[in-house]
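# Fold and contact review
Chain residues, written in single-letter form:
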Amino acid sequence: MTIAFNKLEVRVRLAAIRANYRLLCSRGSRVIGVIKADAYGHGLTEVASALAQEGCDTFAVGTVEEGAALRQHLTAKGLKSRIMVLLGPLEPEDYPLLWEHSLLPLIGSFRQLEALARQAARVGKGLDMSLKFDTGMARLGFAVEDLPRLLDRLREAPLVRPVMVSSHLATADQPESVDYLMGQAERFTFILSTLTKAGLSVEANLANSAGILGHPTLHHQSQRAGIALYGANPFGGTSWDHLGRGLTPAMTVRTRIASVHSLPRGCCISYGCTYTAERDMRVAIVAAGYADAYSRSLTGKSAQMLIAGRRAPVIGRVCMQLTACDVTDIPDARPGEWATLLGGEGPLAISPEELASWWGTISYEVFCLLGLNRRVYI
């Protein structure tokens, strides 16, 4: 018997993801669907199926294991989509899976390249790959200075075939950091030129969601769409906010109200007695807390939930499975009714950017963490 440990319900509207993909395709060209980390908490296979219906033929996952699971799902549906593995192989057991599931790994180090070449020689079969370059993110990837040595090694390992070149933008969503962005773009252009002169024919992708929406000169042959697929505006809160208009959040998170009761003036509520009622109040105890990925850091902030169509401020400390809200001015708040933590209907809906701002984080983390809960697809 499976026991549900919480009452949170994550509702994912696949139609919204499809609409966001169409919008991104209208701004870009060959848009790759980034569905790493379980599609940012929206569901790996469900999102892949929805995007495939819109004509998406290339998906980007995080790990080889995730890529293998996606390949099995796509094969069962008769789809032969490309699957990019953004982290590339990390464990020795990852390498055979690249051949077994026809995955396209991003290779960004000589260690990975050597291991890939050894595996290719062992199985006697070639493999396509993407070369990953660090142009300014300083995380993973070959450096520009590695190009001569890299080209020499590629000539010695004909079974590993570069068909793509990728890099990642660090500041594409920051209008004030265009100079840094263009520095990355120039380095990427130099890399492509060097590879072309060496006789390599590769598909290039540099633009992420913000790059698709705000930097058309950086589109190259394909673009990788991540956060915007799920309806979050990468330019939210900036002077370029308008560039993300039309994106529709796909995730709604809600739970039940466990109790509604009075809180007299002068009384405290929740652990630590950090909140004292300044008036006679009515409070709703909502079945959500940090065990459900509703962060304890929302304590003492301006966080709100949507209850009976109105905003209810969070009061007191967020607990493991319960959170208190002020419903003094919401007479329709009753036990058993829904409280919405993210999303909702109408102008008072809680946006991903808004919840992230209360949380002190970004919409990416909001989606990934809340998406760990039970999902329902609508």
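The paragraphs below set out a description of the structure included in this document.

Parameters at a glance
Residues numbered from 1 in each chain as written. Predicted model: local features only at pLDDT ≥ 70, side-chain atom pairs only at ≥ 80, totals over all residues. Heavy atoms only, no water. Salt bridge = Lys/Arg side-chain N within 4 Å of Asp/Glu carboxyl O. Helix = DSSP H or I, 4+ residues; strand = E, 2+ residues; numbered from the N terminus. Buried < 20%, exposed > 50% of the residue type's maximum accessible area, 1.4 Å probe, protein only. Axes fitted to C-alpha atoms, helices over the stretch in contact; angles between N-to-C directions. Parallel < 35°, antiparallel > 145°, perpendicular 65-115°, else oblique. Left-handed = near helix turned anticlockwise from the far one by under 90°. Contact = heavy atoms within 4.5 Å. Nonpolar A, V, L, I, M, F, W, Y, C, P; charged D, E, K, R; others polar.

Scanning the entire structure with this criterion turns up 17 salt bridges. Residue Arg153 is joined to Glu156 by a salt bridge in which the shortest nitrogen-to-oxygen separation is 3.3 Å. With Arg153 and Glu156 both in helix H7 (residues 147–156) and three residues apart, the pair spans about one turn of that helix. Of the residues examined, Arg153 reaches a relative accessible area of 19% and is grouped as buried. For Arg334, the salt bridge is made with Asp332, and the minimal N-O distance between the two is 3.9 Å. Judged by its relative accessible area of 44%, Asp332 is partly exposed. Each of Glu9, Arg11, Arg254 and Arg374 takes part in a single network of salt bridges with overlapping partners.

For the pair helix H1 (residues 14–27) and helix H3 (residues 44–53), the least separation of the axes is 9 Å and the interaxial angle reads 50°. Considering their axes alone, H1 and H3 lie oblique with respect to each other. Between H1 and H3 lies a crossing whose hand is right-handed. Together, Leu14, Ile17, Arg18 and Tyr21 of H1 and Glu46, Val47, Ala50, Leu51 and Gln53 of H3 make up the contact between the two elements. Taken together, the residues that form the contact of H1 with H3 break down as six nonpolar, one polar and two charged.

That is the geometry; function is a separate question.
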